[in-house]
Amino acid sequence: MMIANDSPESKDQFSRFRADFELKGKLGEGGGGNVYLAKNKIDENLYAIKKVKLDPRISKKLMKEVKFLSKLNHKHIVRYY
């Protein structure tokens, strides 16, 4: 999972998503963001990436989720990077 600012104002800012991945399509929605299928430009593998809109009203909840997910390590759970 990757957290990305998806707002129009972010177009001039550096985007790791745009730098590292080629968007292939939208897979779904939920949990404050959208999930996309993307191809990594370096290893050419396909990844599901969750892009989350950074909203100050939910940022505390979002950061709690990010910190929790970053600690998980299980073969059936996608790792947060």
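Quantities reported herein were computed from a predicted structural model and do not represent experimental measurements.

Caption draft 1: Focus on the packing of aromatic side chains. Across all of its chains, the model carries three aromatic pairs by this definition. Judged by centre distance (6.5 Å) and plane angle (50 degrees), the rings of phenylalanine 17 and tyrosine 36 are tilted. In this pair, phenylalanine 17 sits in helix α1 (residues 16-20) while tyrosine 36 sits in strand β2 (residues 33-40), placing the two residues 19 residues apart along the sequence. Accessibility assignment for this pair places phenylalanine 17 and tyrosine 36 in one class, buried. When the ring of phenylalanine 21 is compared with that of tyrosine 47, the centres are 5.9 Å apart and the planes differ by 80 degrees; the resulting orientation is edge-to-face. Note that phenylalanine 21 is positioned in strand β1 (residues 21-30) and tyrosine 47 in strand β3 (residues 46-52), a separation of 26 residues in sequence. Here the aromatic cluster, defined as three or more aromatic residues joined through ring pairs, consists of Phe17, Phe21, Tyr36 and Tyr47. Its end group placed over the ring of tyrosine 36, lysine 51 keeps NZ or CZ at 5.7 Å from the ring centre.

Conventions adopted
- Residues numbered from 1 in each chain as written.
- Predicted model: local features only at pLDDT ≥ 70, side-chain atom pairs only at ≥ 80, totals over all residues.
- Heavy atoms only, no water.
- Phe/Tyr/Trp six-rings, centres within 6.5 Å; stacked < 30°, edge-to-face > 60°.
- Helix = DSSP H or I, 4+ residues; strand = E, 2+ residues; numbered from the N terminus.
- Buried < 20%, exposed > 50% of the residue type's maximum accessible area, 1.4 Å probe, protein only.
- Lys NZ or Arg CZ within 6 Å of the ring centre and 35° of its normal.

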